[in-house]
Amino acid sequence: MNPDIEIESVDFFADLISQCGTVPSFGCAGVAQRNPDGSYELVARRFPSIRAILGRRIPLLGRRLFKRDVDTYLNAYPNRLDVNGAPFSVDWLQSSFLLIPRDSWQTCNGLSERYFVFMADTDFGWRCREKNLQSWFFPNLEIRADGVRSSHGGLLDVFRKRTLRIHLRDAFKYFLTGLGRSTSSRTNATASVTASHCAKPPLR
């Protein structure tokens, strides 16, 4: 959990841990994160492609050539609070807040030290998937974030922000390992599990 995360409910962890026990193949969990301006962090996302990363950093490419790739990467899952929402499985979860049971942590060998910080959570999502474990998002629970993203910025910001250069370096390492390969078959398998689980009544 990042130091800028605020948890308002005294029952938050009890609620989250209780709900984690109701989902199959539990690998890790994330919840909605609300910023001071009322917006929500993109906690749950699809695995990125090189086209999506380029389209996000270079607006002209994102609006034209790679628009679909960027939209799929960023907008595949709802990230807002939904008090009646059932949990659903996702490709990966942002590690600003991530609940991982000890068994999953040991099975997947924790967060990789190959990365400075960025992409380590994406990589962990991959390794959960490889071990038949799922990353679950619980939309009916919420915490607060500060709304500041150290990796935010476009192409010109690469020359001004060290954190963005580190982010791109970590992304290069990620794609170099082959983790940017197609995820269509894995995503379809996840969708089947999610659809069958989310057909159940809300947990709360």
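Going by the structure above, here's the rest.
Residue numbers run consecutively from 1 along every chain, following the written order of its sequence. Owing to the predicted nature of the model, reporting of local features is limited to residues with pLDDT of at least 70; listing and counting of side-chain atom pairs is limited to 80 or more, with chain, interface and lining totals taken over all residues. Heavy atoms throughout the structure, all of them, feed into the side-chain values; hydrogens and water do not.

### Quick look at the environment of serine 95
Rules: Per the convention used, a helix needs a DSSP run of H or I reaching at least four residues, while a strand needs a run of E reaching at least two, with both numbered from the N terminus. The buried label applies to any residue whose accessible area, calculated with a 1.4 Å probe on protein chains only, is under 20% of its type's maximum; exposed applies above 50%, and partly exposed to all values in between. In this analysis, two residues are considered to be in contact whenever any of their non-hydrogen atoms come within 4.5 Å of each other.
Looking at where serine 95 falls in the secondary structure, it is placed in the loop between β4 (92-93) and α5 (102-107). A relative accessible area of 23% places serine 95 in the partly exposed class. For the pair formed by serine 95 and phenylalanine 118, sequence separation is 23 residues and the distance between their alpha carbons is 9.3 Å. The contact partners of serine 95, leaving out residues within four places of it in the chain, are Asn2 and Asp121.

### Focus on unusual backbone geometry
Its identity as a non-glycine residue notwithstanding, serine 25 has a phi of 50°, on the positive side. Residue placement: serine 25 occurs in the loop between α1 (12-20) and β1 (26-34). Since its relative accessible area comes to 40%, serine 25 is described here as partly exposed. Phi is positive for asparagine 109, which is not a glycine, with a value near 60°. Looking at where asparagine 109 falls in the secondary structure, it is placed in the loop between α5 and α6 (120-130). Asparagine 109 sits in the exposed class, given a relative accessible area of 65%.

### Some details on the pairing of strand β5 (residues 134-144)
For clarity, the threshold we go by: In short, DSSP must find at least two bridges between two strands for them to pair.
Of all the eleven residues making up β5, nine are buried; the element is thus mostly covered by neighbouring parts of the structure. Here β1 runs beside β5; their pairing, made up of eight bridges, is parallel. Following the sheet pairing, alanine 29 is matched in β5 by tryptophan 136. In this structure, strand β3 (residues 88-90) lies alongside β5, joined through three bridges in antiparallel fashion. Bridge pairing links valine 90 to serine 135 in β5.

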